[in-house]
Each structure stands twice: as structure tokens, then as C-alpha cells.
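# A closer look at the structure
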Amino acid sequence: MPHLDFRSTSWPRWGLPVQYNPVDTYLQEAEDLLAEIEEAALTLAGEESGSERLNRLFRAFHTIKGSGAMCGFHQVAQFTHHVETVLDQVRKGSIPVSEKLTELVLSAKDEIRELLAAEQQGETAARAATVDLVAMLDGLSSSEPAEAAQAPPVRTWEILFRPHPELMICGGNRSEEH
């Protein structure tokens, strides 16, 4: 991952000193979400599809994925997409809550932490552990009906969004009147 420096030395309108880095904010948020994921996963046994705990778990992975992609953590986003897909199927009742699911969610949480560290160091090669976990996650969802397995491939696009470093400071409203 290329080094991104969003730090600004002053607030453009008032000349106030500012030290803001959205990547640092994402990394802190990801750490908080990973702790939330662990807590939710450890109490997952007995949950029904559509429960608030499952929804919270799904949203935590969804946020890590989306914000990670926006901040340039593409391996994190790609891997987390697989976890999110499985959890969506669990929420819908297609995959039951099981001990195996809990183990995979906890392993995924650990792998995301490793991927975050690797991408911060500029590593771009796929990790063997990531590939193995994706295969295990896909194995959970392999019990889908045959028609779903024959669906046409989905085309994906990668969009790189690089806002002006001071965009988040003013809430996206760059006008003089707030």
C-alpha cells in the first residue's frame, strides 16, 4: 500500500492547526470493531437468524470492509467480503449458527488484524492463511441450492476515492456558511 499522508497543518478557513489522518482513524475504528467482533462471536451459540447479535456482527465486518477499501486496505476489504457474505447467509437462515462458524469468525478477526499490519508494511502478496480461511468460509456456504451455484459470474469494479485531506474536517461542506 502506498504511503498516504492526509495530515494538514492548518484549518484553511481560520488558520487553526489541524492534525488529522483518516487512515489512523480507520485503524482505531477497526481495532474497536475487532474487539466487538470477538465479544459477539464468543456469545454466538444459540443465536437465531436475524438476531441483533448477528446483525451487529455483520455490521462490524461490513464497516471494516467498506472503510478499509476507502482507505486503501484492499486485501482487508477483499477478505472481509467473504466473511460478510457468510454472515449475511447466517442472518437469512441459509447457514446455521454453529461452533464451526464461531471458530471461523474468530479466525477471520485474527486474520484481519494480520492483514491490517501487513498492508501497513506495504505487503501485497496473498497470505496462505487468508486463502485457507476463504476456502473454509466458502465451504460453509457450499450447501446452497444448485441453482445458486450456477449463477453467472459477477463483475466487480474497484473504485479508488481520494478526497481532499481537509474534506472530513468540514463535514464535506466547503462553503463559507455553516
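Residues numbered from 1 in each chain as written. Predicted model: local features only at pLDDT ≥ 70, side-chain atom pairs only at ≥ 80, totals over all residues. Heavy atoms only, no water.

### Some remarks on the packing of aromatic side chains
Cut-off, in case you're wondering: Note on aromatic pairs: the rings of Phe, Tyr and Trp (six-membered ring only in Trp) are paired at centre separations within 6.5 Å, and the planes decide the class, stacked below 30 degrees, edge-to-face beyond 60, tilted for the rest. Every helix listed is a DSSP run of H or I at least four residues long, and every strand listed is a run of E at least two residues long, numbered separately from the N terminus. In this scheme, a residue with accessible area under 20% of its type's maximum is buried, one over 50% is exposed, and one in between is partly exposed, where area comes from a 1.4 Å probe on protein chains only. Comment: the charge-over-ring label is applied if NZ (Lys) or CZ (Arg) is within 6 Å of the ring centre and within 35 degrees of the ring normal.
In total, this model carries one aromatic pair according to the counting rule given. On the basis of an interplanar angle of 35° and a centroid distance of 5.4 Å, the ring pair of Tyr26 and Phe73 is categorised as tilted. On the criterion of sequence distance, the pair formed by Tyr26 in helix H1 (residues 22–42) and Phe73 in the loop between helix H2 (52–70) and helix H3 (74–92) is long-range, its members being 47 residues apart. In this structure, Tyr26 and Phe73 share a single accessibility class: buried. The positively charged end of Arg91 is found above the aromatic ring belonging to Phe58, 3.7 Å away from the centroid.

### A closer look at the nonpolar core
Using the following cut-off: By nonpolar core we mean a set of buried residues, namely Ala, Val, Leu, Ile, Met, Phe, Trp, Tyr and Cys, connected to one another through side-chain atoms within 4.5 Å. Whether two residues touch is decided by their heavy atoms; if any such pair falls within 4.5 Å, the residues are in contact.
One finds Tyr26, Phe61, Phe79 and Leu116 to be the most contacted residues of the largest nonpolar core, which totals 37 residues. Elements supplying a minimum of two residues to this core: H1, H2, H3, helix H4 (99–120) and helix H5 (128–140). Here this core takes nine residues from H1, the largest share from any one element. Setting aside residues up to four positions removed in sequence, Tyr26 forms contacts with Ile64, Ser67, Gly68, Cys71, Phe73, Val76 and Leu116.

### A look at the packing of H3 against H4
Convention followed: Where helices are involved, their axes are fitted lines through C-alpha atoms of the stretch in contact, as for all axes, and angles between N-to-C directions lie from 0 to 180°. With respect to orientation, any angle under 35 degrees is reported as roughly parallel, any angle over 145 as roughly antiparallel, any angle of 65 to 115 as roughly perpendicular, and every other angle as oblique. With the far helix as reference, a near helix turned anticlockwise by less than a right angle produces a left-handed crossing, and one turned clockwise produces a right-handed crossing. Side-chain classes are defined by residue name, with Ala, Val, Leu, Ile, Met, Phe, Trp, Tyr, Cys and Pro counting as nonpolar, Asp, Glu, Lys and Arg as charged, and the others, Gly among them, as polar.
H4 packs onto H3 with a crossing angle of 165° between their chain directions and a minimal axis gap of 9 Å. Taken together, the axes of H3 and H4 are roughly antiparallel relative to one another. The handedness of the crossing between H3 and H4 comes out as left-handed. Together, His74, Gln75, Val76, Phe79, Thr80, Val83, Val86, Leu87 and Val90 of H3 and Leu101, Val105, Ala108, Glu111, Ile112, Leu115, Leu116 and Glu119 of H4 make up the contact between the two elements. Looking at side-chain class alone, the contact of H3 with H4 contains twelve nonpolar, three polar and two charged residues.

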